[in-house]
Structures are given as structure tokens and as C-alpha cells.
Amino acid sequence: MAGGKLLSLAAMSRLSWRNLWRNHRRTLIMLLAISVGVWAMIFMTALMRGMVDQMIADGIDALPGIVQIHDPDFRDDPSIDNSMPPPGPALRAALDSPPVRAWTRRIKLPAMISSERDSRGVMLLGVEPANEIALGFDLESIVAGRFLEDADDSGLVVGRKLLERLETDLGKRVVVMSQDPENNIADRGFRIVGVFKGKLSAQEESLVYAAIDTTQTMLGMGEQLSEIAISGDDYRNVEPVYRHVKAAAGDGLEVLPWTELDTYLGLMLGVMDGFVLVWIIVIFLALSFGLVNTLMMAVFERVREIGLMQALGMKPAAILYQVLLESLMLLALGLVLGNLLALASILPVRDGIDLSVVAEGFEMMGASSTLYPALKLKDLVLANSVVIVLGVLTSLLPAWRASQYRPVEAIAKA
């Protein structure tokens with residue numbers, strides 16, 4: 001009996017395949033529509049996924065870190081008055097143990113920088129160079145000179161745009177001014193030792209890097225800090241790092257994950273998964289009308305044939321199964337071609353698509369001008385699964401219609 005069922009399946013498959021290609025033009029058009037639809041789903045999803053991932057990565061680089069520690073009032077008023085003490089033994093032990101991958105102390109205060117020609121408001125970052133690099137600062141972003149070498153380096157690293165605005169150059173001296181704990185002006189002369197290229201031009205105009213010890217001495221703030229930035233292994237799974245640090249920091253400090261530090265980026269990550277599903281469903285719903293039409297026309301053309309098969313003893317369930325099998329074959333071919341088209345489109349541009357012609361528009365969204373398509377396995381599986389499930393559901397109507405013909409009426413209609 002099992003052999004008979006297997007033979008029946010093989011015969012049904014051959015019959016469905018032949019029926020599918022009776023009208024080559026209609027089948028090829030529908031196959032092309034499904035292939036292009038699957039390609040559009042996967043390709044556009046990869047572009048959107050890549051853009052969102054890049055926005056989040058750039059945002060975390062700018063924060064930096066996936067978790068930060070501040071004085072509770074610092075984010076509302078980022079002044080020297082709302083600094084925090086250096087980490088105590090318990091917090092330091094937590095920072096030096098997994099799941100924390102790297103951490104660094106930072107001074108982050110508004111300041112004024114002046115050259116011999118111009119002055120600009122900036123954000124002064126006092127950093128520990130080695131820890132900043134471990135946290136994610138890209139040394140390749142230094143386009144001239146060098147980065148800071150140690151915690152008491154006397155140099156300054158500025159962005160390319162700021163260098164242009166100040167009309168100065170590498171090696172020239174500038175003056176940086178800010179406010180000390182007594183609300184007096186604290187200033188110091190720095191020599192520009194490095195120039196960096198930011199992923200966003202706004203970073204190049206607003207950030208300047210100085211060594212943390214030099215900055216603390218200039219401002220007379222002792223060992224006080226503005227923030228502690230922490231990184232982990234996966235920004236999508238920030239909760240273990242957050243809980244680990246939060247437990248050690250206690251109630252006197254504010255500990256926040258990046259999803260709360262930048263709620264826009266956090267929202268984008270959450271919306272993206274929902275967008276992918278909606279995008280795929282919308283595209284296939286448009287294709288489903290063509291699929292229904294193709295199968296219905298194939299059924300109408302074979303009314304007499306269906307009647308004869310029923311008269312010869314073929315059960316309605318078998319006819320239903322045959323039409324569904326035709327639909328699955330069509331969908332399978334479309335999926336194979338669509339996936340191959342998507343891979344052929346995405347792999348050649350995986351190293352980035354230069355969109356510098358619309359760089360300003362991308363920066364308004366917080367994205368860089370280079371787009372890196374991100375082809376995720378789960379997106380491929382989701383797209384293919386949705387196509388199969390919705391395709392089968394769409395095929396039920398013409399399949400059910402075919403199975404409901406009465407032999408005598410079907411033969412008479414022909």
C-alpha cells in the first residue's frame with residue numbers, strides 16, 4: 001500500500017508538472033512575477049536591515065558603549081557640577097569581569113575652542129586612549145597625525161570639518177575653554193596632534209579628544225568623571241551587561257543601556273523586525289492576485305479533463321491535491337530563482353554602496369553615506385516561509401473550485 005501511495009505521488013507530480021507547462025507563456029509570466037517579488041523582498045530587506053544596523057552601530061560608537069554610568073542629573077545638565085566619583089572596589093570588580101568586554105572613564109563637557117582665526121562650541125572628551133580604542137574607537141579614522149598616546153598626553157585630536165571651520169592645521173596651537181567646579185573659566189593651550197574622519201560630519205564639527213588626566217588637571221576636578229562607558233559582546237543582547245553593572249553600581253548612580261540612552265535607535269531596532277514581516281506580506285499579497293488568476297485559468301481550461309478524471313474514479317481530494325501541487329511547484333521555482341537573484345544582487349555590494357550624493361539626507365536620519373546590505377539567514381527563512389504559506393493559502397480557492405465539479409456537469413461544460 002505504501003508503494004501504491006508512492007507511485008500515486010510520483011504520477012501526481014508528473015501530471016502536475018505537465019499541467020503547469022501547458023501554457024508556457026502564462027506560467028513563465030507568473031514565474032517571473034514571483035521571482036522578482038522574492039528578489040525585491042530579500043534585496044530591500046537586506047538594504048533596510050543594513051541601514052538600521054549601521055545607524056545603531058554608528059550611534060553606539062558616538063555614545064559610546066552599550067551601557068553608560070552617570071550621575072543621576074548629568075544627562076539633564078551635562079556640567080561639571082554633575083560629575084561622579086571614580087568607580088569603587090565593587091563597581092571596578094564588576095567592570096573587570098564578564099560579561100563586560102571593555103570599559104573606560106570619560107570627561108564629557110561643553111567647551112569652546114579657539115584658533116587664531118575663529119572660535120567654535122564643541123564637546124570636550126577627556127579619554128583614556130587605550131581603553132577608548134578597546135571600546136571601539138577606529139584608529140583608521142585618523143586621517144592625519146596620530147591619536148592620543150596616554151592618559152596625560154598634551155595633544156588634541158579634532159575632526160576634519162572643525163579644522164576647516166577654525167581655519168587652522170595639524171601642528172597648530174588652539175585654546176580650549178570650559179568651566180571649573182568654582183564656575184570660573186578654565187582654559188589651556190593644546191597642539192593639534194591628530195585629525196579624525198567621523199562617520200557623520202556632525203561628529204567632525206562637534207567633538208574634540210583630549211587625554212583624561214590632562215583634562216582633569218585643566219578643569220581642577222580631581223578624579224571626578226562625567227561618565228563610564230561599557231561595551232559587551234552583542235548590542236542586541238544588552239540586558240546581561242546592564243544587570244551585571246547595575247547590581248554593582250548601587251542606587252547613587254544612573255546606569256542605562258543604549259536603548260534608553262538613545263531611544264530613537266532603540267525604537268528602530270524594535271520596529272525593524274516588524275517592518276520586515278509587513279514588507280514581505282505586502283509584496284506577496286500583491287503577487288497573490290496573479291497566482292490566483294493563473295491557477296483559476298488553468299482550472300477553467302481543464303474543466304472537461306477534471307470531469308473525465310472524476311468519472312474514472314479520481315476523488316475530489318486527489319484533484320484538490322493536484323492543483324495545490326502545481327501551486328507548490330510554481331512557488332518553489334519562483335523561490336529558487338528569486339533567492340539566486342537576491343544573492344547575485346547583494347553579494348557584489350556587500351562591501352558597501354556609496355551614497356555620498358545623498359549624504360545629507362542620510363545624516364538627517366543618523367546614517368552614514370555608505371550603506372552595507374545585511375543579508376540575515378532569518379530574513380531569508382522568513383521570506384521563503386511567508387511565500388510558501390501564503391502561496392498555499394492563496395491556492396486553496398482554485399483547488400477547492402476544481403474539486404467541486406460534478407463529472408457530468410464538467411463534461412457537459414466542455
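Each remark here, short or long, concerns the structure printed above.
What counts and how
- Going along each chain's sequence as written, the residues are numbered from 1 onward.
- Per-residue local features are limited, in this predicted model, to residues with pLDDT of at least 70; the limit for side-chain atom pairs, both in listing and counting, is 80 or more; totals at the level of whole chains, interfaces and linings are taken over all residues.
- Side-chain measures here rest on the full set of heavy atoms in the structure, leaving out hydrogens and waters.
- Pairing of aromatic side chains requires ring centres within 6.5 Å, counting the rings of Phe and Tyr and the six-membered ring of Trp. Pairs whose planes differ by under 30 degrees are stacked, by over 60 edge-to-face, and all others tilted.
- Each helix is a run of H or I in the DSSP string that is no shorter than four residues. Each strand is a run of E no shorter than two, and both are numbered from the N terminus.
- For the exposure calls, accessible area comes from a 1.4 Å probe over protein chains only, and a residue counts as buried if that area is under 20% of its type's maximum, exposed if over 50%, partly exposed in between.
- Throughout this description, the term nonpolar core refers to a set of buried Ala, Val, Leu, Ile, Met, Phe, Trp, Tyr and Cys residues connected via side-chain atoms within 4.5 Å.
- Should any heavy atoms of two residues lie within 4.5 Å, those residues are counted as being in contact.
- Each patch is built from salt-bridge-free residues with over 30% relative accessible area, joining like charges within 9 Å and nonpolar side chains (Val, Leu, Ile, Met, Phe, Trp, Tyr) within 5 Å.
- We get accessible surface area from the Shrake-Rupley algorithm with a probe of 1.4 Å; when it comes to residues, only the shown protein chains can shield them.
- Between Lys or Arg on one side and Asp or Glu on the other, a salt bridge is scored when a side-chain nitrogen of the former is within 4 Å of a carboxyl oxygen of the latter.
- Charge counting treats Lys and Arg as positive and Asp and Glu as negative, with His and both chain ends excluded.
- Where a charge sits is defined by one atom per residue type, namely NZ (Lys), CZ (Arg), CG (Asp) or CD (Glu).
- Here the axes come from fitting lines to C-alpha atoms, over the contacting stretch only for helices, and the angles between their N-to-C directions go from 0 to 180 degrees.
- An angle below 35 degrees is treated as roughly parallel, one above 145 as roughly antiparallel, one from 65 to 115 as roughly perpendicular, and anything else as oblique.
- Put simply, a crossing is left-handed when the front helix is turned counterclockwise from the back one by less than a right angle, and right-handed when it is turned clockwise.
- Strand pairing follows a simple DSSP-based rule, namely that at least 2 bridges must link the two strands.

Tell me about the packing of aromatic side chains, residues and numbers included.
With the rule as written, the count across this model stands at 7 aromatic pairs. Relative to Phe147, the ring of Phe137 has its centre 4.3 Å away and its plane inclined at 20°; by these criteria the two rings are stacked. You can see Phe137 sitting in the loop between α4 (129-135) and β4 (142-145) and its partner Phe147 sitting in the loop between β4 and β5 (155-159), a full 10 residues away along the chain. A relative accessible area of 12% means that Phe137 is categorised as buried. Consider the rings of Phe137 and Tyr209, whose centres lie 5.3 Å apart with planes at 70°: the pair is edge-to-face. Taken together, the residues Phe137 in the loop between α4 and β4 and Tyr209 in strand β8 (residues 207-211) connect sequence positions 72 residues apart. By relative accessible area, Tyr209 is classed as buried at 8%. The rings of Phe137, Phe147, Phe196 and Tyr209 are connected pair by pair, giving a single aromatic cluster.

Please give an account of the nonpolar core that cites residues and values.
Of all hydrophobic cores here, the largest spans 92 residues; its most connected members are Ile69, Ile113, Leu156, Ile228, Ile230, Val245 and Trp258. Residue contributions to this core peak at 14 residues, all from helix α2 (residues 24-62). If sequence neighbours within four positions are ignored, Val245 has contacts with Ile69, Leu91, Leu95, Val100, Ile230 and Val255. Val127, Ile142, Phe147 and Tyr209 belong to the second-largest nonpolar core, a separate cluster that totals 11 residues.

Give a description of a negative patch on the surface that names residues and reports values.
A cluster of acidic residues, Asp73, Asp76, Asp77 and Asp81, forms a negative patch on the protein surface. Turning to its location among the elements, Asp77 is positioned in the loop between β1 (67-70) and α3 (89-95).

Tell me about the environment of Ala248, residues and numbers included.
Along the polypeptide, Ala248 turns up in helix α8 (residues 239-249). In this structure the C-alpha to C-alpha distance between Ala248 and Pro78, which are 170 residues apart in sequence, comes to 23 Å.

Before we move on, can you summarise unusual backbone geometry with the specific residues and values?
The omega angle of the peptide bond from Pro98 to Pro99 is 10°, so this bond is cis rather than trans. Within the secondary structure layout, Pro99 lies in the loop between α3 and β2 (102-114). You will see that Glu167, though not glycine, has its phi angle at about 55°, which is positive.

Explain helix α11 (residues 303-311) to me, and be specific about the residues and the numbers.
Of all the residues in α11, the buried ones are Val303, Glu305, Ile306, Gly307, Met309 and Gln310. Downstream of α11 by one or two residues, Gly313 has phi in the positive range, about 110°.

A description of the packing of α2 against helix α14 (residues 377-403) should follow, citing residues and the corresponding values.
Axis separation between α2 and α14 bottoms out at 10 Å; the angle between their running directions is 150°. The angle between α2 and α14 places the two elements in the roughly antiparallel class. Between α2 and α14 lies a crossing of right-handed hand. Contacts from Val38, Met41, Ile42, Thr45 and Arg49 in α2 reach Lys378, Asp379, Leu380, Ala383 and Val387 in α14.

Please set out the environment of Asn184 residue by residue, giving values where relevant.
Here Asn184 is to be found in the loop between β6 (173-179) and β7 (185-196). Between the C-alpha atom of Asn184 and that of Leu219, which follows or precedes it by 35 residues, the distance is 9.4 Å. Those residues within four positions of Asn184 in sequence are excluded, and the remaining contacts are Ser178 and Gln179.

Describe the pairing of β8, naming the residues involved and giving the relevant values.
Summarising burial for β8: 5 of the 5 residues are buried, a large majority. The sheet contact formed by strand β3 (residues 119-127) and β8 spans 5 bridges and is parallel. Each residue of the ladder has a partner; that of Val127, found in β8, is Ala211. Bridging between β5 and β8 involves 3 bridges; their strand directions are antiparallel. Each residue of the ladder has a partner; that of Val158, found in β8, is Val208.

Residues and numbers for the pairing of β1, please.
Side chains Val67 and Ile69 project from β1 onto one buried face, and the interleaved Gln68 and His70 project onto a second face that is buried too. Two strands pair when backbone bridges link them, and β1 and strand β9 (residues 227-231) are joined in this way by 3 bridges, in the antiparallel orientation. Counted as the bridge partner of Val67 is Ile230 from β9. Here β1 runs beside strand β10 (residues 254-257); their pairing, made up of 4 bridges, is antiparallel. Considered in β10, the bridge of Ile69 is made with Val255.

Just geometry here; none of it tells us what the structure is for.
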